[in-house]
Amino acid sequence: MTTTLHKGYAPSPFGQLHYVECGTGEPVLMLHQTPRSWTEYLDVLPLVGAERRAIAMDTLGFGASAKPEGPHAIEQFADAADALIEALGLERFHLVGHHTGGVIAVELAARHQDRVASLLLSATPFIDEEKRRTAGERKQIDHVVPQPDGSHLAELWNRRRDFYRHGEEAALNRFMVDALTVLDRVEEGHEAVRRYTMDQRLPYVTAPTLAVCAPGDHYSLPGLDKFAAALGCETRVLSGGHVPVPEQLPEEFAKVVLEWTTRG
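Quick look at the structure, then.

With respect to the packing of aromatic side chains
Move 1: Taken as a whole and assessed by the stated rule, the structure comprises four aromatic pairs.
Move 2: Pairing tyrosine 41 with phenylalanine 253 gives two aromatic rings, centres 6.3 Å apart and planes at 45 degrees, and the pair type is tilted. Highlighted residues: tyrosine 41 in the loop between β3 (27–31) and α1 (44–49) and phenylalanine 253 in helix α11 (residues 250–263), separated in sequence by 212 residues. Summarising the burial analysis for this pair, tyrosine 41 and phenylalanine 253 share the class buried.

Okay, here's the thing in structure tokens:
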């Protein structure tokens, strides 16, 4: 079955927001990690779109969405997502967020409560007071200093190389395109995550929640138990993969999304 991807722009107070969608039925809004774009869900979209209205947006400041000045913040990312939700007329919807996208999804679920039919947090970092306190001690993830000989491109590639298996270079190329698009502010999404008062917002999340993670993603895997304790939610470790698991295991990822949204 072939599902056509449709691209569009929606207005927001920050400028235009880019999104891609396919399919019909209950809306499933998918939010990507930093510093990616909707292409993180390139292979997941048509699979989910076979049964749902699958929507993947470019987070404010990333991809082809507007890039406002000033520091990024999870709350501002959510403000922009709110604008997209209203522009697309999504009265009730499911949320899927991967890494940074999961943190944005938490904020949206806390705001919208009964409008969120279900919440799927994929490899989402759990942000508490300790994480915020030690944020300044953490190494930068994707920051590289541009060099005249272009060696910074290889440095950026090699920083993410171990997350991808051999044969997955096409996905790593998509990461490079996204990161280079925002190279001057490539760390700000990560920094916004570390400042977010997630622990204070989780009590407002009422949607049925599933927290999942790839077994190789040791950055986020500890968050499963923390989300289970905080939300009383179900958890699941996927069959394989690393940080870019939606690209590595799109069939399994889409299956989990469809199963969970059926229950929500």
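A closer look at empty space enclosed by the protein
Move 1: For the coordinates displayed, the defined rule picks out one cavity of 30 Å³ or more.
Move 2: Of the pockets and cavities examined, the largest cavity occupies roughly 40 Å³.
Move 3: Along its surface, the largest cavity is lined by Leu121, Ser122, Ala123, Thr124, Ala211, Val212, Ser220, Gly223, Leu224 and Phe227.
Move 4: Broken down by secondary-structure element, the contributors of at least two residues to the lining of the largest cavity are β6 (116–122), β7 (209–213) and α9 (223–231).
Move 5: Here the residues of the lining of the largest cavity are counted per class, giving six nonpolar, four polar and no charged.

Looking at the environment of histidine 166
Move 1: Mapped onto the fold, histidine 166 is located in the loop between α5 (151–161) and α6 (169–181).
Move 2: Note: C-alpha distance between histidine 166 and glutamate 91 (75 residues apart in sequence) is 42 Å.

Rules used throughout
- Residues numbered from 1 in each chain as written.
- Predicted model: local features only at pLDDT ≥ 70, side-chain atom pairs only at ≥ 80, totals over all residues.
- Heavy atoms only, no water.
- Phe/Tyr/Trp six-rings, centres within 6.5 Å; stacked < 30°, edge-to-face > 60°.
- Helix = DSSP H or I, 4+ residues; strand = E, 2+ residues; numbered from the N terminus.
- Buried < 20%, exposed > 50% of the residue type's maximum accessible area, 1.4 Å probe, protein only.
- 1 Å grid on protein atoms, 1.4 Å probe; cavity = no way out; pocket = protein on both sides within 12 Å on 5 of 7 lines; lining within 4 Å.
- Points joined across faces, edges and corners; volume = space filled by probe spheres on them.
- Nonpolar A, V, L, I, M, F, W, Y, C, P; charged D, E, K, R; others polar.

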